[in-house]
Amino acid sequence: MVKALPSIDDHLYEQMAGKIHQLIQRGTLRPGERVPSVRKLSEQHDVSVATVLQAYMLLEDKGLIEARPQSGYYVRARFHDLLAEPAKTAPSSTACCVSVSELVMQILRTVTDPHVVPLGAGIASPELFPSDKLHRVMASVARRVGGAANRYEPPAGNLEFRRQIARRSLDWGCALTSDDVIATLGCMEAINLSLRAVAKPGDSIAVESPTFFGVLQIIECLGMKAVEVATFPRHGMCIDALSAVLRRHKIAAIILTPNFQNPLGALMPDEKKKMLIELLAKKEVPLIEDDIYGDLQHDGPRPKAAKAFDKKGLVLLCGSVSKTLAPGFRVGWCAPGRFWDKVERLKFSNTCSSPVLPQLAVAEFLQNGGYDHFLRRVRKSYAQQMRLMHEAIGRYFPEGTKVTQPKGGLLLWVELPKGINSLDLFERAAERKVSIAPGPLFSPKPNYKNFLRINCGYPFTPQVEHAVMTVGHLAGK
């Protein structure tokens, strides 16, 4: 005899959901607080567990609560209920030499320690990547192509990989062909080759302020100078400030991340991207566009790349699968526009070509591996983790702390109250096996001494929450 499943009274579960909703509206249950467990609410109101579960699922669909793994249901924090955002940055726009390499390497050494909670790294948890499926794909490809996987490819890379990237470019608002793409060892090599193709030692390079420390390190290693440009935490680089910089300085190139910038998480609107490209076209200034986070919008359509508005071939678009699919594969690409020949020659002199098998595995996954389905899942994870991190910062950090409110990516930029030194905070947190990324790392001056970057790429476990609480406690001392 088949046992009947517990029945769900439709009217009853809606009533239950309504009661919890009222408690949230009145502030009895606040953002971040745990709602009663399914079993407890079932016993209190003498209803089935299935009815309570259905009520909670309804509240979850409405965005009012969220489930945390092995922890229960919590009132969902909404950005408009949370901390204030930092203001637009206002850096000095003088050209200066860069010296961040020593600090960068110090930070990276803490990130590689498996006993350290990586709040400072711009990386995602390995468990979020489809590693098993990718390994099966790679093994299948290796069997199929045999010895062809163990040969030199042309400097531009494997043709099938470049075809798949060109096909994906339609989602970015572009219409690339395989002949427009060069395979690279991750996005960092793509940016490095691009910068070498358009500038020389001693040249001035305009960057967002703050900007990714990897970009600053490349500028430093190539003997160039950086010019910081004022940047909005929500909408990216200020076009008026950039225009003023272009009038004052001879700028050889601009390096920019329009989509979910690192560390701010800023998303430049399409109209602003178009204005940017038109300004640079008039000045004949190349744009090196880092689009590594472009696929990681938390909701809605994928934002366009700035290259979608490029009519003169001045945009060198760089990307990789390091934040979305396989950081260990080191598979990236560059679409360098009119600078294609230069970048190809530099690629050959730099690393000859990229390994064949990882390119083929990524190409296969992009074509047949359910990449879009995977992205939908990982975007949801990043969005949830960012909400929980934002809420925890509000709970544990000193009063007056401000935090950005990104619509994508996996990073938060935190402004601490004046007088708190994030370099000192980094040292004290590292002693307690927690890594953070101090603000001066993201500026050539260095600026942002009371700022830090927080990574939301890992599931919000009790260990991660404790690490946030530790940093907040140290900051408040």
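Residue indices begin from 1 for each chain and proceed along its sequence in written order. Since the coordinates come from a predicted model, pLDDT governs what is reported: local features require at least 70, and pairs of side-chain atoms require 80 or more to be given and counted, while whole-chain, interface and lining totals use all residues. Think of the side-chain values as coming from all heavy atoms in the structure, minus any hydrogens and water.

**Student:** How should the sheet that holds strand 16 (residues 437-438) be read in this particular structure?
**Tutor:** Picture the strands of a sheet paired through backbone hydrogen bonds; they go either parallel or antiparallel. Strand pairing is assigned whenever DSSP detects at least two bridges linking the two strands. Strands here are runs of E lasting at least two residues and helices are runs of H or I lasting at least four, both read from the DSSP assignment and numbered beginning at the N terminus. Strand order in this open sheet of four strands is 13-14-17-16, and the pairing throughout is antiparallel. Edge positions in the sheet fall to strand 13 (402-403) and strand 16, since each has one partner strand and no second. Two elements, strand 13 and strand 14 (residues 411-415), share two bridges in a ladder whose sense is antiparallel. Among the inter-strand pairings, Val403 is bridged to a residue of strand 14, identified as Val414. Any pair of residues with heavy atoms lying within 4.5 Å of one another is described as a contacting pair. Helix axes are fitted to C-alpha atoms over the stretch in contact, other axes to C-alpha atoms as well, and angles between N-to-C directions run from 0 to 180 degrees. With respect to the sheet, helix 13 (residues 371-396) is in contact with strand 13, strand 14 and strand 17 (451-455), its orientation differing from that of strand 14 by roughly 15°.

**Student:** Would you explain the packing of helix 7 (residues 186-198) against helix 11 (residues 340-351) in this entry?
**Tutor:** Angle between the axes and distance between the axes are the two parameters that describe a pair of packed helices. Their axes nearest at 9 Å, the elements helix 7 and helix 11 cross at an angle of 120°. Of the possible angle classes, the one that applies to helix 7 and helix 11 is oblique. Helix 11 is crossed by helix 7, and the crossing has right-handed handedness. Of the residues in helix 11, those touching helix 7 at Glu189, Leu193, Ser194, Arg196 and Ala197 are Lys342, Val343, Leu346, Lys347, Ser349, Asn350 and Thr351. Three residue categories are used. Nonpolar comprises Ala, Val, Leu, Ile, Met, Phe, Trp, Tyr, Cys and Pro, charged comprises Asp, Glu, Lys and Arg, and polar comprises the others, including Gly. Considering only residue class, the contact of helix 7 with helix 11 consists of four nonpolar, four polar and four charged. The scheme is simple: roughly parallel for angles under 35 degrees, roughly antiparallel for over 145, roughly perpendicular for 65 to 115, oblique for anything else. Crossing handedness follows the turn of the near helix against the far one: under a right angle anticlockwise gives a left-handed crossing, and clockwise gives a right-handed one.

**Student:** So what exactly am I meant to see when it comes to the side chain of Ser322 here?
**Tutor:** Relative to the assigned elements, Ser322 resides in the loop between strand 11 (315-320) and strand 12 (332-335). Accessibility here uses a 1.4 Å probe with only protein chains present; expressed as a share of the type maximum, an area under 20% marks a residue as buried, one over 50% as exposed, and anything in between as partly exposed. Taking the relative accessible area as the measure of exposure, Ser322 reaches 9% and is therefore buried. Think of a polar contact as two N or O atoms within 3.5 Å of one another; within protein, one of them needs to be a possible hydrogen donor and the other a possible acceptor, and neighboring residues in sequence only count if both atoms come from side chains. At 3.0 Å, the side chain of Ser322 forms a polar contact with the side chain of Arg330. Those residues in contact with Ser322, other than ones at most four positions away along the chain, are Phe129, Ile292, Pro327 and Arg330.

**Student:** What am I meant to see in unusual backbone geometry here?
**Tutor:** Glycine aside, a negative phi is what most residues show, and trans is what most peptide bonds show. Put simply, Ser209 and Pro210 share a cis peptide bond, and its omega is 0°. Tracing the backbone shows Pro210 in the loop between strand 6 (204-209) and helix 8 (213-221). A cis amide bond links Asn262 to the next residue, Pro263, at an omega of 20°. Mapped onto the elements of the fold, Pro263 is located in the loop between strand 9 (251-256) and helix 10 (270-283).

**Student:** Which parts of the structure should I look at to understand the pattern of salt bridges?
**Tutor:** Two side chains with opposite charge may pair up if their charged atoms get near one another. One side-chain nitrogen of Lys or Arg within 4 Å of one carboxyl oxygen of Asp or Glu is enough to make a salt bridge. Applying the stated criterion across every chain, the model contains 20 salt bridges. Two residues, Glu284 and Arg338, come together in a salt bridge whose shortest N-O distance is 3.1 Å. Within this pair, whereas Glu284 is found in the loop between helix 10 and strand 10 (287-290), its partner Arg338 is found in the loop between strand 12 and helix 11, the two being separated by 54 residues in sequence. Note that Arg395 is salt-bridged to Glu465, the shortest N-O span being 2.7 Å. Of the two residues, Arg395 sits in helix 13 while Glu465 sits in helix 15 (residues 462-475), which places them 70 residues apart along the sequence. Judged by its relative accessible area of 36%, Arg395 is partly exposed.

**Student:** Would you mind showing me how to read the confidence of the model for the chain here?
**Tutor:** Low pLDDT marks stretches whose predicted atomic positions should not be read closely. Confidence of the prediction at every residue is given by pLDDT, a number between 0 and 100. For the chain, the average pLDDT comes to 91, and 96% of its residues sit at 70 or higher. Low pLDDT (under 50) marks residues 1-9, which in the prediction has eight contacts with non-local residues, meaning those over four places away or in another chain.

**Student:** Where do I start with the pairing of strand 14 in this structure?
**Tutor:** The buried fraction of strand 14 is high, at five of five residues. The sheet contact formed by strand 14 and strand 17 spans five bridges and is antiparallel. Within strand 17, the residue paired with Leu412 across the bridge is Ile454.

**Student:** Just to check I follow, could you spell out the state of the cysteines for this structure?
**Tutor:** Formally, a disulfide is one covalent bond, and it connects the sulfur atom of one cysteine to the sulfur atom of another. The definition used for a disulfide is geometric: two cysteine sulfur atoms within 2.5 Å. Inspection of the entire model under this criterion finds zero disulfides. The structure places no disulfide on Cys187, whose sulfur is separated from the nearest cysteine sulfur, that of Cys318, by 5.4 Å. Using a relative accessible area of 5% as the deciding quantity, one classes Cys187 as buried. Looking at Cys318, it has no disulfide partner, and the nearest cysteine sulfur is the one in Cys334, 4.2 Å off.

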